[in-house]
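If you want the building blocks of each chain, they are given just below.
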There are 2 protein chains.
Amino acid sequence: MPKRIRLDKAIVTENDRLAADLADRYDRAGVLVVNLMSSPGAGKTTLLEATARRLAGAFRMAAIEGDLATDRDTRRIIDAGMPCRQINTGGGCHLNAVQVREALDAYDLRDLDILFIENVGNLVCPAAFDLGEHRRVVVSSTPEGDDKPIKYPVAFRLADCVVLNKTDLAGATDFSADAFRGYVRDIKADLPVLEVSCKTGDGLAGWFQWVKEAREALGPPAPDAE
Amino acid sequence: MPKRIRLDKAIVTENDRLAADLADRYDRAGVLVVNLMSSPGAGKTTLLEATARRLAGAFRMAAIEGDLATDRDTRRIIDAGMPCRQINTGGGCHLNAVQVREALDAYDLRDLDILFIENVGNLVCPAAFDLGEHRRVVVSSTPEGDDKPIKYPVAFRLADCVVLNKTDLAGATDFSADAFRGYVRDIKADLPVLEVSCKTGDGLAGWFQWVKEAREALGPPAPDAE
């Protein structure tokens, strides 16, 4: 259906224009924005819960949460101590820049150091929609299998970091971390892979360090901050 | 973006027209067509491998396999003894009726009892695109968490059967089968849930029985079979 392709490109182009406005707004406010993507159930929310608890003293953080339905994940993140605003997409398969712009009304960005955007659980569509973020993170999990990077290459190619979650389950599955890392290199040679278990806490120090370095790389807000 | 919604509706309507043609073609040939959907890595391919091995003597079966990239899953299914035709969608997030129609060139449908279509790993978009199938199956897996039915309600609402895979990992996660079944009932009261472990073989007899009954319910091909 070539017609479909043309239409989608027009939509993405409009989204890109709005995303550029968002990116400018983030930079003027001096807030680091991180867009998290994954398959359903890979552990994005659990990672944010751990981040809320561990980095609360270091940074002023908030989140925007995308789901087709329910506010379950927003309640979990708020319970972990991080302000969070829910976007319900209805049937929508990804967040777009319009939705994020509306959700930003919940916050004064100048009061934040880091804003996390948890995208809809989907390893395909969110990759095509820029939300103006500084960093993209793909969360993958061992029960999904070690071949996901080559089977869903777009999301991995556009990522700045891969968090490989549920390493505590690797032994109970046929997951090979070496194979996974090899496939990631095939897609994007310099893409870092952080192995973690949000359940046991193993490896989370590496993730917290990555967040700190991303925040430091952003530097202070522009002098004419909004 | 209301514009987006209108465009998508037009595309779905065109797809529905083609899917109706496919459905008619399946019925004339007397082949049962089963469309399998799930998150990435839930176990659709592993379920088809087990089905290929167990039901080879009972039915003439074949598969169509949808992936963004690679022919890994097709090779796995062929190795298990079932003919399989790969569709690579590029960046596409679901199979559509045009793609399936083209892939059908690989088969004489009159020579088949059952055709399985393994959709792209995505718990959102495939649900919106009818492929003319007789039955829709959602494969869910315990590591994804027990709340997936209410967080991805559209796929579950349109399903005829849920296969809950990786029950061998339920104890190592915080998965509650009772909660999962309750959420499924909230979405669609009479939707059957078949608990299986493709790894250990537990529960697969229930799935094979469901396939047999679906095949029996279809009956023989129409007298003027194509």
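Please read these numbers as outputs of a predicted model, since none were measured by experiment.

Draft legend 1. Quick look at the sheet that holds strand β6 (residues 161–165) of chain A. Residues and elements named next belong to chain A. Read from one edge of the open sheet, seven strands run β3-β2-β4-β1-β5-β6-β7, paired in parallel fashion. Of all strands in the sheet, those bounded by a partner on one side alone are β3 (84–88) and β7 (193–195). With direction set aside, neighbouring strand axes in the sheet form an average angle of 20°. Relative to strand β5 (residues 135–141), strand β1 (residues 32–38) is paired through five bridges, and the arrangement is parallel. Of the residues in β5, the one forming a bridge with Leu-36 is Val-137. Taken strand by strand, helix α7 (residues 177–187) contacts β5, β6 and β7, and its axis lies near 160° from that of β7.

Draft legend 2. Looking closely at the interface of chain B and chain A. Contacts between chain B and chain A engage 41 residues on the former and 41 residues on the latter. In total, chain B and chain A occlude about 3,600 Å² of area from one another, counting both sides; carbon and sulfur atoms represent 61% of this. Remark: the boundary between chain B and chain A carries six salt bridges. A salt bridge links Arg-72 of chain A to Asp-147 of chain B; the shortest N-O distance between them is 3.2 Å. Joining chain B to chain A, the criterion identifies 14 residue pairs in polar contact (both at pLDDT 80 or more). For the side of chain B that touches chain A, the secondary-structure elements that each account for two or more residues are α1 (2–29), α3 (72–79) and α5 (148–151) of chain B. Per-element accounting of the side of chain B that touches chain A gives the leading share, four residues, to α1 of chain B. By residue class, the composition of the side of chain B that touches chain A is 19 nonpolar, ten polar and twelve charged.

Draft legend 3. A look at unusual backbone geometry. Residue and element names in this part refer to chain B. For Thr-70, which is not glycine, the phi torsion reads 75° and is therefore positive. Phi is positive for Lys-166, which is not a glycine, with a value near 65°. By secondary structure assignment, the location of Lys-166 is in the loop between β6 (161–165) and α7 (177–187).

Draft legend 4. Structural detail: the relation of the copies chain B and chain A. When chain B is brought onto chain A, the operation consists of a screw motion whose angular component is 180° and whose axial shift is 0.0 Å, with 0.0 Å RMSD remaining. Such a combination of turn and shift is consistent with a two-fold rotation axis. By residue overlap, the copies meet face to face through one surface: 100% of the interface positions of chain B are interface positions in chain A.

Draft legend 5. How the structure looks around the sheet that holds β6 of chain B. Residue and element names in this part refer to chain B. Spatial strand order, β3-β2-β4-β1-β5-β6-β7: seven strands in an open sheet with parallel pairing. The open sheet has two free edges, formed respectively by β3 (84–88) and β7 (193–195), since each of these has just one partner strand. With direction set aside, neighbouring strand axes in the sheet form an average angle of 20°. Summarising the sheet, strand β5 (residues 135–141) and β6 pair through five bridges and their orientation is parallel. Among the inter-strand pairings, Val-137 is bridged to a residue of β6, identified as Cys-161. Lying over the sheet, α7 contacts β5, β6 and β7, oriented at roughly 160° with respect to β7.

Draft legend 6. Examining the packing of aromatic side chains more closely. For the structure shown, the criterion picks out six aromatic pairs over all chains. A ring pair is formed by Phe-156 of chain B and Phe-180 of chain B, whose centres lie 6.4 Å apart and whose planes are at 75°; its orientation type is edge-to-face. Taken together, the residues Phe-156 of chain B in helix α6 (residues 153–157) and Phe-180 of chain B in helix α7 connect sequence positions 24 residues apart. By relative accessible area, which is 0% here, Phe-156 of chain B ends up buried. Its relative accessible area of 0% is what places Phe-180 of chain B among the buried residues. The interplanar angle of 40° and the centroid separation of 5.6 Å between the aromatic rings of Phe-175 of chain B and Phe-180 of chain B together place this pair among those described as tilted. Across this residue pair, the class does not change: Phe-175 of chain B and Phe-180 of chain B are buried. One aromatic cluster is present, built from ring pairs that chain together Phe-156, Phe-175 and Phe-180 of chain A.

Conventions we followed
- Residues numbered from 1 in each chain as written.
- Chains lettered and ligands numbered in written order.
- Predicted model: local features only at pLDDT ≥ 70, side-chain atom pairs only at ≥ 80, totals over all residues.
- Heavy atoms only, no water.
- Pairing = 2+ DSSP bridges.
- Helix = DSSP H or I, 4+ residues; strand = E, 2+ residues; numbered from the N terminus.
- Axes fitted to C-alpha atoms, helices over the stretch in contact; angles between N-to-C directions.
- Contact = heavy atoms within 4.5 Å.
- Buried area = accessible area lost by both parts, 1.4 Å probe.
- Salt bridge = Lys/Arg side-chain N within 4 Å of Asp/Glu carboxyl O.
- Polar contact = N/O pair within 3.5 Å; in protein donor to acceptor, adjacent residues only side chain to side chain.
- Nonpolar A, V, L, I, M, F, W, Y, C, P; charged D, E, K, R; others polar.
- Least-squares fit on C-alpha atoms with pLDDT ≥ 70 in both.
- Phe/Tyr/Trp six-rings, centres within 6.5 Å; stacked < 30°, edge-to-face > 60°.
- Buried < 20%, exposed > 50% of the residue type's maximum accessible area, 1.4 Å probe, protein only.

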